Structure formats: C-alpha cells, structure tokens
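Structure at a glance
Here is how the chains run, residue by residue.
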Amino acid sequence: MKNLIKKYRHFSFFIPISLVIIVAISILTFTLTRNTSKSINQLLQKSIELQIDAVYKMLEREYQLNKKIAQNHLNIFSFVFSKSRFETNNEFLEIIAENQITKDKHPVKIQNWYVNKKLLFEDHSLVDTIKFLVGGTATIFQKIDSGYIRISTNVLTKENQRAIGTYIPNNSPVVKTIEKEETFLGRAYVVDDWFLTAYKPIFDKKQQVIGMLYVGNREKNFEAIK
C-alpha cells in the first residue's frame, strides 16, 4: 500500500508539468497556425492585387489604343465629308426629336441639308460608306435648340431601327466640347449604351458650329470582364 501511495505521489508530480507542456504546445501551435494563415492571406491578397493591376493596365492600354483608332476613323470621315458637296437652303423639315437620355419627345424644325445634291435627312449612304471602310458606327448630327439631333446614322435602337430623330442634349459633355469648337474623344453615351467615341464640329461658311460628325464603337462587356 505504501509503495502504491509512493508511486502515486511520484506520478502526480509530473501532472502539472505535463499540463504546462500541453498548454505551451497548444499556444505555440495556435500562434504558428494563425501566423501561417495570415501570411498565406497576405500572399493571396498581393497576388490578387497584382492580377487586378495587370488587367487594369491591359484595359488602359487597349483604351488608349482604341482612342487613337477612333481619332483615325474620325479623320477619315471628316476627309470624306469635306470632299462631298455639302449645301443648305432656307427650307425646313418638321420632325419629332427624342432626348436619348430622358426619352422625352417634342417637334422641331431642321434646315434641309444636302450632300452631293441628295437630301441628307434619312439618307445613310455616307455613314454606311464610313462603316464599310473602317467599321463601327457613324452619324451626322444637326444642331437644334435642345442639342444635336441625328439626321443620318447607322447607330441602332433597341428595336433595331436607325436612331434617326434622337438627340444628344445640351448638358452632355460631348455637346459642351463641340460648342467650344473642339473635338471630343472618349467614352460617351450613345442612344442606349456606352461607346468609345470621337466627335468633330461641322461649321458653316461663317465658321459657326451647325452640326457634328461622329464615329464610335460599343465598349466591351465590362460585366463579363469583371
């Protein structure tokens, strides 16, 4: 009996030490695991940031390249238009103008414009020629009190109809740039979607802005990219 008690006392001496060791190992394991997990998360975060940065730079390079392409296409359109015989007269057409943003409609009178002796309103031969030459979309706008209205275009509505009679309102960045007699180059809302665009003023003989030329391509599907 005395031997059993002696052995128990001897064993009980190691119990606290064992518990201390177990707790120490547990704390060390937890700390190492947490630090390892934190390091892995940091590495993953850094990897994701690098990938996002790479995609952003790729899209930015493509955006800048496409801006140059849009400018070149606009130069071609401007050259073709300048070589065409553009004329106006004192006759007017009354049409319904539709704000491309609000969809509000109201009647307006537009002056008859002619290109190569043909009435330009709803004649799409010139813009379709530009589309054939360079791709994308093209439009000829005429200035009205509310903004700039499409009189010849191959931009389509959701109903797959040419967007004749739709107009860009005066509060648009495009119109504000054109009114300063400058070329607009960049993203712009076109009828019902975002395009990468280029716009250039059309001047009359008195060097007053009376319209503008447009070329553009629909932006990529950024939702799919995201």
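As shown above, the structure is provided for reference.
Because the structure is predicted, anything quoted here is derived from the model rather than measured.

Things to note about helix α3 (residues 125-134)
Of the positions making up α3, those classed as buried are L126, V127 and I130. One face of α3 carries all of its buried residues, which in axial projection span an arc of 100°. Of the residues flanking the end of α3, it is G135, one or two places downstream, whose phi is positive at about 85°.

Description of the pattern of salt bridges
Taken as a whole and assessed by the stated rule, the structure comprises seven salt bridges. Among the salt bridges present, the one from E179 reaches K143, with a minimum N-O distance of 3.3 Å. In this pair, E179 sits in helix α4 (residues 173-179) while K143 sits in strand β4 (residues 137-144), placing the two residues 36 residues apart along the sequence. On the accessibility criterion, K143 (36% relative accessible area) is partly exposed.

Let's talk about unusual backbone geometry
Despite not being glycine, N116 shows a phi value in the positive range, around 55°. Counting through the fold element by element, N116 comes out in the loop between β2 (105-115) and β3 (118-119). The phi dihedral of N160 is positive, around 65°, even though this residue is not glycine. Inspection of the secondary structure puts N160 in the loop between β5 (147-153) and β6 (166-169).

Each value, and the rule that gives it
Residues numbered from 1 in each chain as written. Predicted model: local features only at pLDDT ≥ 70, side-chain atom pairs only at ≥ 80, totals over all residues. Heavy atoms only, no water. Buried < 20%, exposed > 50% of the residue type's maximum accessible area, 1.4 Å probe, protein only. Helix = DSSP H or I, 4+ residues; strand = E, 2+ residues; numbered from the N terminus. Arc of directions from axis to C-beta. Salt bridge = Lys/Arg side-chain N within 4 Å of Asp/Glu carboxyl O.

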